[in-house]
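Examination of the molecular architecture
Each chain is listed here by its residues.
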Amino acid sequence: MSGFESRNTTSRTFQVDGVFKNYVLDRVVEVVVVSEALQGFPTSVRVGRTPINAGEIVAIRSAYPSAVASVSDGKLEVHQGRENVPNNATVICYFFAPISTSTATSGVQVFHEVTGELLFCASKKPIRIVKVVDGHGDFSLDMTRTYATVLLNQYYRLITSGFQQNGSSTKTIQAERSLVSPLSTGLRIAVAVEIFGAALGPPQDYQPSSATSPSVDVARHLIIDVTGYA
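Described in the following lines is the structure provided in the data block.

Rules of the game
- Residues numbered from 1 in each chain as written.
- Predicted model: local features only at pLDDT ≥ 70, side-chain atom pairs only at ≥ 80, totals over all residues.
- Heavy atoms only, no water.
- 1 Å grid on protein atoms, 1.4 Å probe; cavity = no way out; pocket = protein on both sides within 12 Å on 5 of 7 lines; lining within 4 Å.
- Points joined across faces, edges and corners; volume = space filled by probe spheres on them.
- Nonpolar A, V, L, I, M, F, W, Y, C, P; charged D, E, K, R; others polar.
- Buried < 20%, exposed > 50% of the residue type's maximum accessible area, 1.4 Å probe, protein only.
- Helix = DSSP H or I, 4+ residues; strand = E, 2+ residues; numbered from the N terminus.
- Pairing = 2+ DSSP bridges.
- Contact = heavy atoms within 4.5 Å.

Observations regarding empty space enclosed by the protein
With the rule as written, the count across this model stands at one cavity of 30 Å³ or more. The volume enclosed by the largest cavity comes to roughly 40 Å³. Every residue along the wall of the largest cavity is listed here: Ile60, Ser66, Ala67, Val68, Thr149, Val150, Leu151, Val180 and His221. Considering only residue class, the lining of the largest cavity consists of six nonpolar, three polar and no charged.

Okay, structure coming up:
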């Protein structure tokens, strides 16, 4: 063995070594979620947006069912459920990035064995992984701690149907997404209807009933411990 290594006392897995950079907390942002109308549909989605930097990992938590919907063009978009969620509810977003610098003057620091880059600093808050969970259901956790989830695989399903009547067409759409919400015993990840509505259009817009395949068969989330992080 060469260089520095730190292992978990129970599992003996690596925690810190002299090669790989640690991801550390960069910032915490509270995103306000508002209703946003869908053009042509008598319904809306609950959306919040905030900037995200390249290479960052984001974990979210909220008092209400929430999900990361997309990351594109430097923007993170989060959605919340439609049922029993108040206006201007929030999603707390924890952004983690590879450690780069530190102003600490004491405590443990680890530098790369060859390049000398900073890999770990005890003054920074690292990303603390608890476990990966697959699918939907209730997941038990130690509720003396605070948790957030990182989206690894999103379950998303879009169902459309249409029919013609009196010289026009009607199209209905339903979107399902896996949302994360807190429980007194842990976390719940459940499929919820995010969008449901109908729109009128010209006859050429008519489409027969169809249902897309889900984006993935099984949702996957990384649960992390953010106790004391915000």
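Brief notes about the pairing of strand β19 (residues 220-225)
With five of six residues buried, β19 lies mostly within the body of the structure. Sheet topology note: the strand β12 (residues 129-134)/β19 ladder contains five bridges and is antiparallel. Residue pairing across strands places Ile129 opposite Ile224, the latter belonging to β19. Relative to β19, strand β14 (residues 147-153) runs antiparallel, the two sharing six bridges. In the sheet register, Val150 faces β19, and the bridge partner there is Leu222.

As for the environment of Gly135
Within the secondary structure layout, Gly135 lies in the loop between β12 and β13 (137-140). What makes Gly135 buried here is its relative accessible area of 12%. As for Gly135 and Ala219, which are separated by 84 residues in sequence, their C-alpha atoms are 4.7 Å apart. Dropping the residues within four chain positions of it, Gly135 is found in contact with Ile189, Val218 and Ala219.

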